[in-house]
Amino acid sequence: MILKDKRILLIVAGGIAAYKSLDLIRRLRERGAVVIPVMTKAAGEFVTELAVGALAARKVHTDLFSREDEVDVGHIRLARDCDLVLAAPATADLMAKMANGLANDLASTVLIATDRPVLMAPAMNPRMWANPAVARNAAQLRADGVRFIGPMRGEMAEGGEAGLGRMAEPLDIVAEVEALLDRSPKPLAGKRAIVTSGPTHEPIDPVRYIANRSSGTQGHAIASALARAGADVVLVSGPVALADPAGVKVVHVERAEEMRDAVLAALPADIAVMVAAVADWRVATAAGEKIKKSADGSVPSLPLTENPDILRTVGHHQQRPRLVVGFAAETSDVETNARAKLDRKGADLIVANDVSPETGIMGGKRNTVALIGRDGVERWPDMSKEEVAGRLVALIAGRLAEV
Ligand code: C5P
């Protein structure tokens, strides 16, 4: 419970994404945080003070010149009597003010007056985010020590337009807040870890590809847990619909060969956890143009060729990490198949799971795994993928601590 009794001063600025701030307040409070809301005048055009105040179960601060507030708390105390200042959504205007030291309303004054860490979750139209002035302000804020989460790629709330500009999802913002306020022990401090996650997309032609049902949930959770334990993490991710985990360097790839190259480029490392569902085969020669239907109804054939085995490459590499962990997603004879993989792939540990459709594991939120090592098998009960990640990282830290 990292957020238990932590005081989060939440600035809600005026953007359509403010509707997500309501959920964000709930999520923060669910984890035990105290949310002290500040709304800009423009925020009130999108969400009401009543809704924000009801969800936070606190008074909403809006006015720099409120006589009552100034007597009560004062804007300086408001800015400092918290563990973190979170601006979500952070608009172009709010960013511009802070980047330039402007303080002409309560929100901007709080940002200038605070001596606490500041996290911004920008949300704006993609063209605005791409504007050089906004980019300049974001760079300035980063240089001044402000942390950012997002914006994300996706469709805008107002519809129609897509691009970089969506506010990060509330749960991802919560995870970032937790990462920033985490004071837990760091058993993996100073250790480097490489994680692969998600599926790969193997092109057939410029518009079609071969993929699989991996969502990246387990791999991303492991990357997060390693980072929380203090490791320096490179996450090589195939195409997924997940936000980049907090405190992790993410390399986005599509194909298995790109994933292999990114993994090898990230060596040396102390730990490798290969969770990605890498396609075993790719189309031998992807077409340069979209393959057209033929008039006579003949069907194209797609000769396949084998993809590089990334785990095996890492497991037998000159710069082999001290601990190499693989996954084995099987639909039958799970443990027997996993044991065979240990030697073949040069892994120290194989995390085996049954991904038969009825288990719902592939793409789902829970996992039931068995850990196959040289010294035997350990079966874990059904748990969330986050719990699997946490326990696996504890086990990794334990193994690395052994001489
Ligand atoms: O052979 P199989 O695909 O079942 O092995 C699964 C394990 O190997 C996983 O850890 C997966 O990330 C890894 N793997 C890989 N490169 C491949 C195939 C699998 O790294 N081409």
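In short, a report on the structure. (Residues numbered from 1 in each chain as written. Predicted model: local features only at pLDDT ≥ 70, side-chain atom pairs only at ≥ 80, totals over all residues. Heavy atoms only, no water.)

**Observations regarding the overall build of the protein chain**
For clarity, the threshold we go by: Put simply, DSSP marks the helices as runs of H or I at least four residues long and the strands as runs of E at least two long, and each gets a number from the N terminus on. Each radius of gyration is computed over the set of C-alpha atoms, and the globule rule expresses the reference value as 2.2 Å times the number of residues to the power 0.38. Each residue gets one of three labels from its accessible area relative to the maximum for its type: buried under 20%, exposed over 50%, partly exposed in between, using a 1.4 Å probe on protein chains only. Residue contacts follow a heavy-atom distance rule, with two residues in contact if any of their heavy atoms lie within 4.5 Å. Under the convention used here, a 1.4 Å probe and the Shrake-Rupley method define accessible areas, while residue burial counts only the protein chains that appear. Counted charges follow a simple rule, with Lys and Arg positive, Asp and Glu negative, and His plus the chain ends left uncounted. For the purpose of locating charges, the reference atoms are NZ of Lys, CZ of Arg, CG of Asp and CD of Glu.
Looking only at helices and strands, the protein chain has 14 helices and 21 strands in total. Relative to the globule expectation of 22 Å for 403 residues, the C-alpha radius of gyration of the protein chain, 24 Å, shows essentially globular dimensions. Here the C-alpha coordinates of the protein chain stretch approximately 70 × 65 × 40 Å along the principal axes. Taken over 403 residues, the protein chain has a buried fraction of 49%. Once local pairs closer than 6 in sequence are excluded, the contacts in the protein chain between residues at least 24 apart make up 68%. Carbon and sulfur atoms make up 50% of the accessible area of the protein chain, which amounts to about 19400 Å² in all. Averaging the coordinates of the 50 positive side-chain charges in the protein chain and doing the same for the 51 negative ones gives two points 2 Å apart.

**Regarding the packing of helix 5 (residues 92-99) against helix 6 (residues 106-113)**
Our working definition: The angle between two axes is taken between their N-to-C directions and runs from 0 to 180 degrees, where each axis is a line fitted to C-alpha atoms and a helix contributes only its stretch in contact. Put simply, angles under 35 degrees are roughly parallel, angles over 145 are roughly antiparallel, angles from 65 to 115 are roughly perpendicular, and the rest are oblique. If you view the pair so one helix is near and one far, a crossing is left-handed when the near helix is turned anticlockwise from the far one by less than a right angle, and right-handed when it is turned clockwise. Here the nonpolar group is Ala, Val, Leu, Ile, Met, Phe, Trp, Tyr, Cys and Pro; Asp, Glu, Lys and Arg are the charged ones; every other residue, Gly included, is treated as polar.
The N-to-C vectors of helix 5 and helix 6 enclose an angle of 40°; their axes lie 9 Å apart at closest approach. As far as their axial angle goes, helix 6 and helix 5 are oblique. Once helix 5 is placed against helix 6, the crossing between them reads as right-handed. Here helix 5 contributes Leu94, Lys97 and Met98 to the contact with helix 6, which in turn contributes Ala107, Ser108, Leu111 and Ile112. Among the residues forming the contact of helix 5 with helix 6, the class breakdown is five nonpolar, one polar and one charged.

**Topic: unusual backbone geometry**
Of the consecutive residues Gly150 and Pro151, the connecting peptide bond is found in the cis state with omega at 5°. Position of Pro151 relative to the elements: it lies in the loop between strand 5 (147-148) and strand 6 (152-155). Looking along the chain, the bond that leaves Leu267 and enters Pro268 is cis, with omega of 0°. Secondary-structure assignment places Pro268 in the loop between helix 11 (256-266) and strand 13 (271-274).

**Considering the site of the ligand**
What counts here: Nearness of a residue to a molecule or strand requires only that one of the residue's heavy atoms be within 4 Å of it. For this analysis, a polar contact is any N or O atom pair within 3.5 Å, provided that within protein one partner can donate a hydrogen and the other can accept it, and provided that sequence-adjacent residues contribute only side-chain to side-chain pairs. Residues are said to line a cavity or pocket when one of their atoms sits within 4 Å of a point; the points come from a 1 Å grid over protein atoms alone, cavities being sets where a 1.4 Å probe fits but cannot get out and pockets being open sets with protein on both sides within 12 Å along at least five of seven lines. For this analysis, a molecule is said to be in a pocket or cavity if more than half of its atoms are within 2 Å of the grid points defining it.
Close to the ligand lie 13 residues; Met274, Ala276, Leu311, Phe327 and Lys341 are nearest. Taking Ala276, its main chain carries an N or O atom lying 2.7 Å from an oxygen atom of the ligand. Within the side chain of Lys341, a nitrogen or oxygen atom sits 2.4 Å from an oxygen atom of the ligand. Protein contact buries 87% of the 440 Å² of open area that the ligand shows by itself. A majority-of-atoms criterion places the ligand in the second largest pocket. Every element with two or more residues in the shell around the ligand is listed here: helix 12 (310-315), strand 16 (323-330) and helix 13 (334-345). Taken together, the residues of the shell around the ligand break down into eight nonpolar, one polar and four charged.

**Some details on the pairing of strand 11 (residues 232-237)**
Keep this limit in mind: Pairing between two strands requires that DSSP report at least two bridges joining them.
Of all six residues in strand 11, five are buried; the element is thus mostly enclosed. Summarising the sheet, strand 8 (residues 192-197) and strand 11 pair through six bridges and their orientation is parallel. When the bridges of strand 11 are listed, Thr196 appears paired with Val236. In terms of strand pairing, strand 11 meets strand 12 (residues 249-252) through four bridges, oriented parallel. Within strand 12, the residue paired with Leu235 across the bridge is Val250.

**Concerning the layout of surface pockets**
One water molecule sets the probe size; rolling that probe over the atoms shows where empty space is left. Note the following rule: Grid points are joined across faces, edges and corners, and a volume is the space filled by probe spheres set on the points. Segmentation into domains, and thus their bounds, comes from an automatic or database assignment.
When its volume is computed, the largest pocket comes out at roughly 1700 Å³. Around the largest pocket sit 50 residues that line it, and Leu171, Asp172, Ala175, Leu242 and Ala243 are the ones nearest its centre. Of all the secondary-structure elements, those providing two or more residues to the lining of the largest pocket are helix 1 (18-30), strand 6, strand 7 (162-166), helix 9 (170-181), helix 10 (217-228), strand 12 and helix 14 (385-401). Looking at which element gives the most residues to the lining of the largest pocket, the answer is helix 9, with eight residues. Class assignment of the residues belonging to the lining of the largest pocket gives a composition of 21 nonpolar, eleven polar and 18 charged. Lining the lining of the largest pocket are residues from two domains, each supplying at least three of them: domain 1 (7-181) and domain 2 (192-402).

**Focus on the packing of aromatic side chains**
Cut-off, in case you're wondering: In summary, the pairing rule links any two rings of Phe, Tyr or Trp, Trp by its six-membered ring, whose centres are within 6.5 Å, and it sorts them by plane angle into stacked for under 30 degrees, edge-to-face for over 60 and tilted for everything else. A ring is considered to have a charge above it if a Lys NZ or an Arg CZ atom is located within 6 Å of its centre and within 35 degrees of its normal.
Going through the model one piece at a time under the given rule, you end up with zero aromatic pairs. The aromatic ring of Phe148 is capped on one face by Arg142, whose charged end is 4.7 Å from the ring centroid. The ring of Trp380 has Arg391 lying over it, and the distance from NZ or CZ to the ring centre is 4.5 Å.

**Some points on the sheet that holds strand 8**
Taken together, eight strands build an open sheet; the order of strands is 12-11-8-13-16-17-19-20 and the sheet is mixed. The open sheet has two edge strands with one neighbour each: strand 12 and strand 20 (376-379). Within the sheet, the average angular offset between the axes of one strand and its neighbour, ignoring direction, is 15°. Strands strand 16, strand 17 (349-354), strand 19 (369-373) and strand 20 of the sheet are contacted by helix 13, whose axis makes an angle of about 155° with strand 17.

**What about the side chain of His220?**
Tracing the backbone shows His220 in helix 10. Judged by relative accessible area, which is 5%, His220 ranks as buried. A polar side-chain atom of His220 sits 2.9 Å from a polar atom in the side chain of Ser197. With sequence-adjacent residues up to four places away left out, His220 is seen in contact with Ser197, Leu235, Ser237, Val240, Leu242, Ala243 and Pro245.

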